[in-house]
Amino acid sequence: MSDQKVFEASPESKGKAKQLRLFAMLAWIIAIAGQIFAIFKLIHNETLVWLIVVIVAILALSITGSMLWKKANRLDPASEKDKTRFFVQNQLGAIMGVLAFLPLVILIFMNKDVDGKTKGIAGGIAVVAMLIAGISGVDFNPPSIEQYTKEINEQTTTLKDLNFDNDNVYWTSAGNKYHIFEDCQHIKGRESISNGTVKESWEQKGISELCKTCEKRAIKNKGTSEAISIDPS
């Protein structure tokens with residue numbers, strides 16, 4: 001259909017996504033550096049406490065990186081058409097979470113100079129940390145250009161069903177919903193009110209939900225308008 005709108009992240013959203021991905025990569029690099037340090041310096045019986053501390057720190061960095069990466073993907077998603085890129089971009093957090101621990105786990109259990117008790121404690125903690133990092137990095141509902149496009153067009157259709165053919169909505173810098181009415185009680189009097197199409201609210205702010213107050217008001221107005229058109233007297 002000619003009136004179908006295709007999602008495209010705004011330059012601002014792409015810039016924010018790029019920044020978030022850089023911070024995520026930095027967190028993963030530090031995590032891997034911590035793993036290398038632990039492999040060469042801390043896999044010994046007398047350094048068990050410090051090894052555990054480093055494992056916890058690596059876990060925190062891995063999870064932080066995954067959270068930042070997922071947030072970036074929601075601002076600038078991949079296309080489902082490129083299956084490989086789509087998978088890697090959305091599941092990179094899980095991949096990096098496992099890589100931040102797997103060599104360490106293997107070397108803890110393979111090191112002949114470490115006694116069974118240390119292997120059991122440190123190895124067990126490392127395995128659990130690796131599982132947590134991997135699972136927390138998985139995106140079970142990965143965003144995509146196609147998904148955003150579908151939802152944008154569904155919401156644009158919803159506005160038309162509510163008798164708003166101009167597809168003009170309002171949002172604020174701090175809000176997470178778009179509004180049909182500029183004088184909605186939730187944004188009235190705010191200094192920074194932006195307006196544009198539903199598509200623009202997605203691309204510029206990542207807003208994907210209609211204000212319930214505006215929706216109820218629009219439904220009420222539509223009902224009144226239909227009643228008047230049926231019985232103009």
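Structural data are supplied above this passage.
Computed from a prediction, not measured in an experiment: that's the story for all the values here.

*Asks:* Explanation requested: the overall build of the chain in the structure shown.
*Replies:* Within the chain, the secondary structure is distributed over eight helices and two strands. Along its sequence from the N terminus, the chain presents helices and strands in the succession α-α-α-α-α-α-β-β-α-α. Relative to a compact globule of 233 residues, whose C-alpha radius of gyration would be 17 Å, the chain shows 25 Å and is clearly more extended. The dimensions of the chain, computed from C-alpha atoms along their principal axes, are 95 × 35 × 30 Å. In the chain, buried positions account for 40% of the 233 residues. Restricting the contact set of the chain to residue pairs at least 6 apart, pairs at least 24 apart contribute 78%. Accessible surface, the chain: about 13,300 Å² in total, of which carbon and sulfur atoms supply 61%. Charge separation in the chain, taken as the distance between the mean sites of 27 positive and 25 negative side-chain charges, equals 6 Å.

*Asks:* What's the story with the pattern of salt bridges in this structure? I'm lost.
*Replies:* Pairing between side chains of opposite charge can happen when their charged atoms approach one another. A complete count under the given rule lists seven salt bridges for this structure. Across the salt bridge formed by Lys 16 and Glu 12, the nearest N and O atoms sit 3.5 Å from each other. Highlighted residues: Lys 16 and Glu 12, both in helix α1 (residues 11-42), separated by four residues, approximately one helical turn. Between Glu 215 and Lys 212 there is a salt bridge whose closest N-O contact spans 3.9 Å. Of the two residues, Glu 215 and Lys 212 both sit in helix α8 (residues 212-230), three residues apart, roughly one turn of that helix.

*Asks:* What's the story with helix α3 (residues 83-99) in this structure? I'm lost.
*Replies:* Within an α-helix, residues lying three or four positions from one another point in the same direction, as the helix has 3.6 residues per turn. At Gln 91, α3 is bent by approximately 60°, the largest bend along its length. For α3, every residue scored as buried is listed here: Phe 86, Gln 89, Asn 90, Gln 91, Leu 92, Gly 93, Ala 94, Met 96 and Gly 97. Buried residues belonging to α3 abut α1, α2 (48-75) and α5 (116-137).

*Asks:* For this particular structure, what's the right way to read the layout of surface pockets?
*Replies:* What the largest pocket holds in volume is close to 390 Å³. The wall of the largest pocket is formed by 16 residues, among which Lys 71, Arg 74, Leu 75, Lys 205 and Gly 206 lie closest to the centre. Ranked by the residues each element gives to the lining of the largest pocket, the list is headed by α1, at four residues. Looking at the lining of the largest pocket residue by residue, the classes come out as five nonpolar, six polar and five charged. Roughly 200 Å³ of volume is contained in the second largest pocket. Forming the walls of the second largest pocket are 13 residues, and the residues nearest its centre are Asp 76, Pro 77, Ala 78, Arg 85 and Ile 145. Going through the elements one at a time, α1 and α3 are the ones with two or more residues in the lining of the second largest pocket. For the lining of the second largest pocket, the residue count by class is five nonpolar, two polar and six charged.

Conventions we followed
Residues numbered from 1 in each chain as written. Predicted model: local features only at pLDDT ≥ 70, side-chain atom pairs only at ≥ 80, totals over all residues. Heavy atoms only, no water. Helix = DSSP H or I, 4+ residues; strand = E, 2+ residues; numbered from the N terminus. Rg over C-alpha atoms; globule rule 2.2 N^0.38 Å. Buried < 20%, exposed > 50% of the residue type's maximum accessible area, 1.4 Å probe, protein only. Contact = heavy atoms within 4.5 Å. Areas by Shrake-Rupley, 256 points an atom, 1.4 Å probe, with all protein chains shown as cover. Lys, Arg positive; Asp, Glu negative; His and termini not counted. Charge placed at Lys NZ, Arg CZ, Asp CG, Glu CD. Salt bridge = Lys/Arg side-chain N within 4 Å of Asp/Glu carboxyl O. Bend = angle between axes of the 7 residues up to and from the residue. 1 Å grid on protein atoms, 1.4 Å probe; cavity = no way out; pocket = protein on both sides within 12 Å on 5 of 7 lines; lining within 4 Å. Points joined across faces, edges and corners; volume = space filled by probe spheres on them. Nonpolar A, V, L, I, M, F, W, Y, C, P; charged D, E, K, R; others polar.

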